[in-house]
Amino acid sequence: MSVIPYGRQDIDDTDIAAVVEILRSDWLTQGPTIARFEQAMADLCGARYAVAVSNATVALHLACRAVGLGSGDTLWTSPNTFVASANCALYCGAGVDFVDIDPGTLNMDPGALEQKLQQGGKPKVVIPVHFAGQSCEMEQIGALAAEHEFYVIEDASHAIGGRYRDSAVGACAHSDITVFSFHPVKIMTTAEGGLLLTNNEDLYKKLMLLRTHGITRNPEEMTKSSEGSWYYQMVDIGYNYRLTDIQAALGLSQAARVPAFVARRQELAARYRQAFATMPIGVQRESEGVLSAYHLFPIRIDPDRTGIDRKAVFERLKAAGIGVNVHYIPVHLQPVYERLGFARGQFPNAERYYDEAITLPLYYGLTEDQQDYIIDAVRQALNL
Ligand SMILES: *Cc1c(COP(=O)(O)O)cnc(C)c1O
């Protein structure tokens, strides 16, 4: 029996043809397909500017550099995320702190954020993470950002194709920058890949500069007049964080499929919700006015309700050929962060959620038969 993975890309013949076309063309990288991909993503999300990069981890780094995060500054994020959402602060020599999650939505709790700010906390950057594809309460976070003057970078690695109130995730209606990941387990893929969206022209220019070594060929950005048409200047310490045209072609083709990808994920999530409504299982609470893109479908196993713990259920599902996973080990409990002084007990909602969490398979190509098999295996694992 082959294992049903927890996530999987869907590559069709159109996607393949798009990549092959670029392989036969003049430009494998730094060609015209990058800009076409960026325009398509900006249009899809309703943002002014898009910058394609090698992955979401470097996108977060670039975003932090663009807003000027540095030593002496602090970045706050959710403990219930992948390590990259916090590591970007360390790359910049800045400090990190966390804001605990709401136990229902599993996203950064805006009330806890407000309290931490009232207690005198002064973050330069806050990174809300749209866990499992469901947007955070961005209106509240945006209002706090205006009052307390910090930048907001949305880590929307899970959430492309989702909506928050009147806008698409990525529109940056309540943030400075939004970041997406195109790793194959995410909603659409470029193999490796990431994207930044912003409505701020200055941030856009900084991101473009830093993506390519801090090098400019624009005479207006130079410290002295050009020495000839070969001339360029390095005016900041940047990186090579580029995406290739091969990847951009795959991204363009996949972007057109995002509405279908998300619609299918929402259908499958609704089937899971219906099945688990009659079992002693916790699921992520759906926020009002938010349409989740459903990157993940996490369930909670509370031994007080089930009489069996998460680990036992996890192992039973694995033995049944189901590629379950756990999202996330709270970032502050990773050794690097423990060495910075963090410890268990500081963010109890994220810790308790971690103790109970199992991520079930959810992806575009998952069949209803496979899903029924998974639901049945959960029922059996719980001795129901
Ligand atoms: C996947 C992920 C990242 C990192 O994405 P890469 O493209 O693999 O670098 C960052 N944050 C979150 C929340 C993620 O899920």
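It should be noted that the structure appears before, not after, this text.
Residues numbered from 1 in each chain as written. Predicted model: local features only at pLDDT ≥ 70, side-chain atom pairs only at ≥ 80, totals over all residues. Heavy atoms only, no water.

A. Looking closely at the packing of helix H3 (residues 56-66) against helix H4 (residues 84-91). Direction vectors running N to C along H3 and H4 enclose 45°, while the axes themselves pass 9 Å from each other. Viewed along their axes, H3 and H4 adopt a mutual orientation that is oblique. In the crossing of H3 with H4, the sense of the turn from one axis to the other is right-handed. For the pair H3 and H4, the contacting residues are Thr 57, Leu 60, His 61 and Cys 64 in the first and Ala 84, Ser 85, Cys 88 and Tyr 91 in the second. (Axes fitted to C-alpha atoms, helices over the stretch in contact; angles between N-to-C directions. Helix = DSSP H or I, 4+ residues; strand = E, 2+ residues; numbered from the N terminus. Parallel < 35°, antiparallel > 145°, perpendicular 65-115°, else oblique. Left-handed = near helix turned anticlockwise from the far one by under 90°. Contact = heavy atoms within 4.5 Å.)

B. Representation of a nonpolar patch on the surface within the structure. A cluster of nonpolar residues, Ile 11, Ile 16 and Val 20, forms a patch on the protein surface that exposes about 210 Å² of accessible area. On the secondary structure map, Ile 11 appears in the segment before helix H1 (13-23). (Patch = residues over 30% accessible without salt bridge, like charges linked within 9 Å, V, L, I, M, F, W, Y side chains within 5 Å. Areas by Shrake-Rupley, 256 points an atom, 1.4 Å probe, with all protein chains shown as cover. Salt bridge = Lys/Arg side-chain N within 4 Å of Asp/Glu carboxyl O.)

C. Quick look at helix H13 (residues 348-356). Taken residue by residue, H13 has Ala 350, Glu 351, Tyr 353, Tyr 354 and Glu 356 as its buried positions. Next to the buried residues of H13 lie strand E14 (297-300), helix H11 (310-319) and strand E15 (357-360). (Buried < 20%, exposed > 50% of the residue type's maximum accessible area, 1.4 Å probe, protein only.)

D. Highlighting the pairing of strand E5 (residues 151-155). The element E5 is extensively covered by neighbouring structure, given that four of its five residues are classed as buried. Pairing of strand E4 (residues 125-127) with E5, which is carried by two bridges, proceeds in the parallel orientation. For Val 126, the partnering residue across the bridge sits in E5 and is Val 152. Relative to strand E8 (residues 177-181), E5 is paired through three bridges, and the arrangement is parallel. Bridged to Glu 154 within E8 is Thr 178. (Pairing = 2+ DSSP bridges.)

E. Representation of the pattern of salt bridges within the structure. In this structure the tally under the stated criterion is 22 salt bridges. Notably, a salt bridge pairs Lys 116 with Asp 97, separated by 2.9 Å at the nearest N-O pair. Taken together, the residues span a long stretch of sequence, with Lys 116 in helix H5 (residues 110-118) and Asp 97 in strand E3 (residues 95-98) at a distance of 19 residues. Take Asp 97: its relative accessible area is 22%, and that puts it in the partly exposed class. Linking Arg 165 and Glu 137 is a salt bridge whose minimum nitrogen-to-oxygen distance equals 3.4 Å.

F. How the structure looks around the sheet that holds strand E13 (residues 290-291). With antiparallel pairing, the three strands of this open sheet are ordered in space as E7-E6-E13. The sheet is open, and its two edges are formed by strand E7 (167-168) and E13, each paired on a single side.

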